[in-house]
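Examination of the molecular architecture
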Amino acid sequence: MKNRSWLLIALLATSAAHAQLYRWVGPDGKVTYSDTPPPSTARGVETKNVPSGPSTSGLPYELAQAVKANPVVLYTGTKCSPCEEGRTMLKTRGIPYTEKTVASNDDIAKLKQISGDQQLPVLTVGARKQKGFESNAWDAMLNEAGYPQSNRLPPNYVNPPPEAAAPKAKAASAPQAPAAAERPSSDALPDTPPPAGNAPPGFRF
């Protein structure tokens, strides 16, 4: 069943950028799923690539190839005028991108790993990166990465919702057994149990 879960997740990854997902068991026996590497005390560590970032489904060929080869990520903060200018520019040019918000201390630490300081916004285009909003510099990076210079997005295209730069790992709580009187009979049990913990919806690890 575990292998089937990984396989289903991998199949969904065919039309999106990829991120690493970790599954491990902590010293207390709790199962955790996260895109952050597990601590050294973790056991039963497993990793898989899962979908992350804009989908390339329905995009023109040139744009889809650019997204796959050089995904665009925008790091933003609240009450940040340059961040809003950056969003507007990317949307006007028709660039599929993932937005990472910086709010917590963990987010700030992640931002420092990416850019070296706390300046916002930060734009990454594949391996390239630019601190602060500079339209000419951003345009140059996008051009070098093969992105069309005019908007070719389908009218109904929607970027994925913003997410924290350093998402919190969530531990799976131990399930409680139902009372004897409430337990269903073996005949009523489904063939496949529901997923436990915070595994991606519809999948089991």
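The structure reproduced in this document is the subject of the present report. (Residues numbered from 1 in each chain as written. Predicted model: local features only at pLDDT ≥ 70, side-chain atom pairs only at ≥ 80, totals over all residues. Heavy atoms only, no water.)

1. Side note on helix H4 (residues 105-115)
Let me state the cut-off plainly: A simple rule labels every residue: compare its accessible area, found with a 1.4 Å probe on the protein chains alone, to the largest value its type can have, and call it buried under 20%, exposed over 50%, or partly exposed in between. Helix numbers and strand numbers start at the N terminus; a helix is a DSSP run of H or I with at least 4 residues, a strand a run of E with at least 2. Each direction from the helix axis to a C-beta atom contributes to the arc, which is the arc of those directions. Contacts are assigned to residue pairs that have any heavy atoms within 4.5 Å of one another.
For H4, the complete set of buried residues consists of Asp-107, Leu-111 and Ser-115. The buried residues of H4 occupy one face: seen down the axis, they fall within an arc of 50 degrees. Those residues of H4 that are exposed and angled more than 90 degrees off the buried face are Asn-105 and Gln-113. If you follow the buried residues of H4, they end up packed against strand S4 (72-76), strand S5 (98-101), strand S6 (122-125), strand S7 (128-131) and strand S8 (163-164). Of the residues one or two after H4, Gly-116 is the one with positive phi, at around 95 degrees.

2. Considerations on the state of the cysteines
For clarity, the cut-off: What counts as a disulfide here is a pair of cysteine sulfur atoms lying within 2.5 Å.
Taken as a whole and assessed by the stated rule, the structure comprises 1 disulfide. Here Cys-80 pairs with Cys-83 through a disulfide, and the sulfurs are 2.1 Å apart. What sets the handedness of the Cys-80 and Cys-83 disulfide is the S-S torsion sign, and at about 75 degrees it is right-handed. Grouping residues by exposure puts Cys-80 and Cys-83 together as buried.

3. Points about unusual backbone geometry
Between Leu-120 and the following residue, Pro-121, the backbone shows a cis peptide bond with an omega angle of -5 degrees. You can see Pro-121 is positioned in the loop between H4 and S6.

4. Some thoughts on the pattern of salt bridges
Test applied: A pair is scored as a salt bridge if a Lys or Arg side-chain nitrogen falls within 4 Å of a carboxyl oxygen belonging to Asp or Glu.
Applying the stated criterion to the full structure yields 7 salt bridges. Across the pair Arg-152 and Glu-62 runs a salt bridge, and its minimum N-O distance is 2.7 Å. With Arg-152 in the loop between helix H5 (135-144) and S8 and Glu-62 in helix H2 (residues 61-69), the pair connects residues that are 90 residues apart, well separated along the chain. For Arg-152, a relative accessible area of 40% translates into the label partly exposed. The exposure class assigned to Glu-62 is partly exposed, which follows from its relative accessible area of 37%. Measuring nitrogen to oxygen at the nearest pair gives 2.6 Å for the salt bridge that ties Arg-93 to Asp-139. With a gap of 46 residues between them, Arg-93 in helix H3 (residues 81-93) and Asp-139 in helix H5 connect regions that are remote in the sequence. Of the residues examined, Arg-93 reaches a relative accessible area of 8% and is grouped as buried. One network of salt bridges, with partners in common, ties together Glu-84, Arg-87 and Glu-99.

5. Section: the sheet that holds S5
Hydrogen bonds between backbone groups are what pair the strands of a sheet, and the pairing can be parallel or antiparallel. The test is simple: When DSSP finds at least two bridges between two strands, those strands are taken to pair. Helix axes are fitted only over the stretch in contact, all axes being lines through C-alpha atoms; the angle between N-to-C directions runs from 0 to 180 degrees.
Spatially, 5 strands are ordered S7-S6-S4-S5-S8 in an open sheet, and the strand pairing comes out mixed. The open sheet terminates on both sides in strands that have one partner only, identified here as S7 and S8. Inspection of the sheet shows S5 paired to S8 by 2 bridges, in the parallel sense. Counterpart to Lys-100 in the pairing with S8 is Glu-163. Sheet contacts for H3: S4, S5 and S6; angle to S4, the most-contacted strand, approximately 155 degrees. The strands touched by H5 within the sheet are S4, S6 and S7, with S7 carrying the most contacts at an inclination of about 170 degrees.

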